[in-house]
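Summary of structural features
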Amino acid sequence: MNYAIIVFVSVLLPMCFLGKILYDFIMEQKAIKKLCKVLFPEGEEQKQEVIAGMRELTSNRFSKEDLLDYYLKIKGLQMLDLHTGGDANVRSFLMQPTKIRLTYRELVKFYELYLNYPQVAGIPMT
C-alpha cells in the first residue's frame, strides 16, 4: 500500500509540474500572437523591420525572440488599456518582467525610436 502511494505521488507530481510549464508556454504564445496583431497591424514585414532595427540598436547582443518579448511588453504596456477587462493571458504576459535588460544608451534610443509613435486612440485590450 505504501509503495502504491509513493509511486502515485512520484509520478503525479512531475506530471503536474510539466503540465503547468506546458500550459504557461501555450498561454504565452497565444498572448504573443494577440499582441502582434495589435502592435504590428501591417503584418510580418513590419515586425521584422522593428526586430532588425532593435538588433542594430543592440549590436546583435540578443536573439530575435528576446527582442520581440521586450518590444511587446514595453510597447504593449504603453498602448493597451489593461483596465478594460479583456484577455487575462495578455494582461499576465505584459505584467511579467522582460527577458532582457538594455543599457542606458540603448534604452534611450529605444524610447526615442519606438515609444514616441503617436498612440492610436482607444485600443482596448479586448
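Note that the structure is predicted; figures quoted are calculated from it, not measured.

Turning our eyes to something else, we now look at a nonpolar patch on the surface. On the surface, a cluster of nonpolar side chains totalling about 640 Å² of accessible area is made up of Met1, Ile5, Phe8, Val9, Leu12 and Leu13. Along the chain, Leu13 falls in helix α1 (residues 2–39).

This brings us to the confidence of the model for the protein. With 89% of its residues at a pLDDT of 70 or more, the protein shows a mean pLDDT of 87. No element of the protein has a lower mean pLDDT than α1, which averages 89, and none a higher one than helix α2 (residues 44–57), which averages 94.

Quick look at the nonpolar core now. Phe40, Met54, Leu72 and Phe110 are the most contacted members of the largest nonpolar core, which totals 27 residues. Of all elements in the fold, only α1, α2, α3 (64–79), α4 (88–95) and α5 (104–114) reach the threshold of two or more residues within this core. The leading source of residues in this core is α3, at 7 residues. Apart from the residues lying within four places of it in its own chain, the contact partners of Phe110 are Met54, Leu57, Tyr70, Tyr71, Ile74, Leu102 and Leu115.

Following the sequence through the fold, Lys75 ends up in helix α3. For the buried Lys75, which has no salt bridge, the nearest side chain bearing the opposite charge is Glu42, at an N-O separation of 13 Å. Within the structure, the side chain of Lys75 is placed 3.0 Å from the side chain of Gln78, a separation counted as a polar contact.

Turning to the pattern of salt bridges, a few remarks are in order. Across all of its chains, the model carries 6 salt bridges by this definition. The shortest N-O distance in the salt bridge between Lys34 and Asp87 comes to 2.6 Å. Here Asp87 lies in the loop between α3 and α4 and Lys34 lies in helix α1, a separation of 53 residues in the sequence. Note that Lys47 and Glu44 form a salt bridge whose closest N and O atoms lie 3.6 Å from each other. On the criterion of helical spacing, the pair formed by Lys47 and Glu44 is a turn pair, its members being 3 residues apart in helix α2. With a relative accessible area of 16%, Lys47 lands in the buried category.

Thresholds, definitions, all that
- Residues numbered from 1 in each chain as written.
- Predicted model: local features only at pLDDT ≥ 70, side-chain atom pairs only at ≥ 80, totals over all residues.
- Heavy atoms only, no water.
- Patch = residues over 30% accessible without salt bridge, like charges linked within 9 Å, V, L, I, M, F, W, Y side chains within 5 Å.
- Areas by Shrake-Rupley, 256 points an atom, 1.4 Å probe, with all protein chains shown as cover.
- Salt bridge = Lys/Arg side-chain N within 4 Å of Asp/Glu carboxyl O.
- Helix = DSSP H or I, 4+ residues; strand = E, 2+ residues; numbered from the N terminus.
- pLDDT = per-residue confidence, 0-100.
- Core = buried A, V, L, I, M, F, W, Y, C linked by side-chain atoms within 4.5 Å.
- Buried < 20%, exposed > 50% of the residue type's maximum accessible area, 1.4 Å probe, protein only.
- Contact = heavy atoms within 4.5 Å.
- Lys, Arg positive; Asp, Glu negative; His and termini not counted.
- Polar contact = N/O pair within 3.5 Å; in protein donor to acceptor, adjacent residues only side chain to side chain.

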